[in-house]
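This is what each chain is made of:
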Amino acid sequence: MLFRSCRASREILANEYAAEEGDEEDDSDGSSMAIAPSSFENSCTACAAGKFTRRAGGVVCNNCKEGKFAAAAEATECDKCAAGTFTAKDGKSVCDACVAGTITTLPGKSECEDCGKGKFASETGKSECVDCPQGQAQKGEGKTECVACVAGMFAKNKGTVKIGRASCRERV
């Protein structure tokens, strides 16, 4: 058998190859058929979105790894997901936005992180958490909003963590 290679961003279809003139291959019914020398060139197929081959001669397309994606077919490399987005699985053609309350601060992440105490992210796809404004607090993580201090109390500092008397103080 004479094996040939595909150009970059394409792969060999399973069990396909080019043959020397006169080679034969068994057909599924047990008979044999002649294989044309150019049959391999026609058996290369484009890598699907979410997959890539870097150079000519690639035998198989590889999945983009977690945190990366290939939006179009015939990719020769994968792109990192932007901050605020992620891919948790290999072979993705699009990145998912972090849900409200979570973020990724850097490109190429495979998961989002919860906003910490005293912070929030009210929308999807955010790359930073925001401090709770004065007069509000948040004691939980991964929150989409802060809680206002009860009537007669206030939070002096941004990013207040506790909601009780320690952070929301009585107005004087």
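Just above sits the structure.
These numbers come from a predicted model, not from an experiment.

**Topic: the state of the cysteines**
Part 1: As enumerated under the stated definition, the model contains six disulfides in all.
Part 2: Shown here is the disulfide that connects C115 with C129, its sulfur atoms set 2.0 Å apart. Looking along the S-S bond of the C115-C129 disulfide, the torsion reads about -90 degrees, which is the left-handed sense. Residue C115 is found in the loop between strand 12 (113-114) and strand 13 (119-120), and its partner C129 is found in the loop between strand 13 and strand 14 (130-131); the two are separated by 14 residues along the sequence.
Part 3: Given the relative accessible area of 0%, C115 is considered buried.
Part 4: On the accessibility criterion, C129 (16% relative accessible area) is buried.
Part 5: Each sulfur in the disulfide pair C132 and C146 lies 1.9 Å from the other. Judged by the sign of its S-S torsion, about -80 degrees, the bond between C132 and C146 is left-handed. Separated by 14 residues along the polypeptide, C132 in the loop between strand 14 and strand 15 (136-137) and C146 in the loop between strand 15 and strand 16 (147-148) bring together distant segments of the chain. Comparing C132 with C146 shows no difference in burial state: the two are buried.

**Side note on the pattern of salt bridges**
Think of it this way: side chains of opposite charge can pair up when their charged atoms draw near.
Part 1: The full count for this structure, using the stated rule, is three salt bridges.
Part 2: One salt bridge in this structure joins D131 and K119, with 2.6 Å as the shortest N-O distance. Here the residue D131 occupies a position in strand 14, and K119 occupies one in strand 13, the gap between them amounting to 12 residues.
Part 3: A relative accessible area of 34% places D131 in the partly exposed class.
Part 4: Residue K119 is classed as partly exposed on the basis of its relative accessible area of 31%.

**Side note on a negative patch on the surface**
Part 1: A contiguous patch of negative charge, built from E66, D90, E111, E113, D114 and E141, is present on the exposed surface.
Part 2: Inspection of the secondary structure puts D114 in strand 12.
Part 3: For D114, a relative accessible area of 48% translates into the label partly exposed.

**Here we look at the environment of E145**
Part 1: For E145, the position within the fold is in the loop between strand 15 and strand 16.
Part 2: A C-alpha to C-alpha distance of 9.9 Å links E145 and D131, two positions 14 residues apart in sequence.
Part 3: Apart from the residues lying within four places of it in its own chain, the contact partners of E145 are F120 and Q138.

Conventions we followed
For every chain, the first residue of the written sequence is number 1, and numbering continues from 1 onward in sequence order. Confidence filtering applies because this is a predicted model: local features only for residues at pLDDT of at least 70, side-chain atom pairs given and counted only at 80 or more, and all residues used for totals across whole chains, interfaces and linings. Heavy atoms throughout the structure, all of them, feed into the side-chain values; hydrogens and water do not. Any cysteine sulfur atom paired with another within 2.5 Å is treated as part of a disulfide. Put simply, DSSP marks the helices as runs of H or I at least four residues long and the strands as runs of E at least two long, and each gets a number from the N terminus on. Burial classes: relative accessible area under 20% of the type maximum marks a residue as buried, over 50% as exposed, and values in between as partly exposed (1.4 Å probe, protein chains only). The term salt bridge refers to a pairing of a side-chain nitrogen on Lys or Arg with a carboxyl oxygen on Asp or Glu at a separation within 4 Å. Candidate patch residues must exceed 30% relative accessible area and have no salt bridge, after which like charges are joined if within 9 Å and Val, Leu, Ile, Met, Phe, Trp or Tyr side chains if within 5 Å. Accessible surface area values rest on a Shrake-Rupley calculation with a 1.4 Å probe, where residue burial reflects the displayed protein chains alone. This count recognises Lys and Arg as positive and Asp and Glu as negative, with His and chain-terminal groups excluded. In plain terms, the charge of a residue is placed at NZ if it is Lys, CZ if Arg, CG if Asp and CD if Glu. In this analysis, two residues are considered to be in contact whenever any of their non-hydrogen atoms come within 4.5 Å of each other.

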